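Coordinate inspection notes
Listed here are the chains, written in short residue letters.
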Amino acid sequence: MLMIQFSVCFIVDVSGVVGTGKAFLRRLLLGKEAAAVEYRLRPFDCSLCMCFWTTLIYLLVQEGPTLTTLSGACLSACTADLMTTLIISVKEWGIRMLSLIH
C-alpha cells in the first residue's frame, strides 16, 4: 500500500504530469485562445482521491470487500498529504546535498 501511495502522490503532486495533461486538454478542447481557467479533474488531480480509489481497488482485488479493505483505503487517503510532504522534503534535501557537493 505504501508503494501505491508513494507512486500516486509523486505522479499527482510532484511530477507535474497532471498539470501538463490539464493544459493539453484545455488547448485541445478550447483552442489556443483558451484562458487559464482553473478546473478540477477529480479524482485525477487530487492525490487524496487517487490514493483512496487506487488503494481500494487494489485491496478489493487482493482481499475482497471487507471493513478492513475500506479502512485501509481511508487510511491511505488520510496520509496522502503526509506522503507528499515527505517526498517534497526528500527532494529538497537531495537538491541541497547536490548543491553542497558542487
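See the structure above.
Residues numbered from 1 in each chain as written. Predicted model: local features only at pLDDT ≥ 70, side-chain atom pairs only at ≥ 80, totals over all residues. Heavy atoms only, no water.

For the rest of this paragraph, the subject is the packing of helix α3 (residues 47-63) against helix α5 (residues 80-101). For the pair α3 and α5, the least separation of the axes is 9 Å and the interaxial angle reads 115 degrees. With respect to α5, the element α3 is oriented roughly perpendicular. Between α3 and α5 lies a crossing whose hand is right-handed. Here α3 contributes S47, L48 and C51 to the contact with α5, which in turn contributes A80, D81 and T84. Taken together, the residues that form the contact of α3 with α5 break down as three nonpolar, two polar and one charged. (Axes fitted to C-alpha atoms, helices over the stretch in contact; angles between N-to-C directions. Helix = DSSP H or I, 4+ residues; strand = E, 2+ residues; numbered from the N terminus. Parallel < 35°, antiparallel > 145°, perpendicular 65-115°, else oblique. Left-handed = near helix turned anticlockwise from the far one by under 90°. Contact = heavy atoms within 4.5 Å. Nonpolar A, V, L, I, M, F, W, Y, C, P; charged D, E, K, R; others polar.)

Turning to the environment of T68, a few remarks are in order. You can see T68 is positioned in helix α4 (residues 67-78). Between the C-alpha atoms of T68 and G19, which are 49 residues apart in sequence, the distance is 33 Å.

Given a rise of 1.5 Å per residue, 22 residues ought to cover 32 Å, and the 32 Å separating the end C-alpha atoms of α5 matches this to within 8%. Turning to α5, its buried residues are A80, M83, T84 and I87. Buried residues in α5, looked at end-on, bunch into an arc of 105 degrees, giving them a common side. Along α5, exposed side chains directed more than 90 degrees from the buried face belong to L82, W93 and L100. Elements in contact with the buried residues of α5: α1 (2-14), α3 and α4. (Expected span 1.5 Å × (residues − 1). Buried < 20%, exposed > 50% of the residue type's maximum accessible area, 1.4 Å probe, protein only. Arc of directions from axis to C-beta.)

As enumerated under the stated definition, the model contains one salt bridge in all. When the shortest N-O distance is used, the salt bridge between K22 and D45 registers 3.4 Å. Of this pair, K22 sits in helix α2 (residues 17-30) while D45 sits in the loop between α2 and α3, and the two are 23 residues apart along the sequence. (Salt bridge = Lys/Arg side-chain N within 4 Å of Asp/Glu carboxyl O.)

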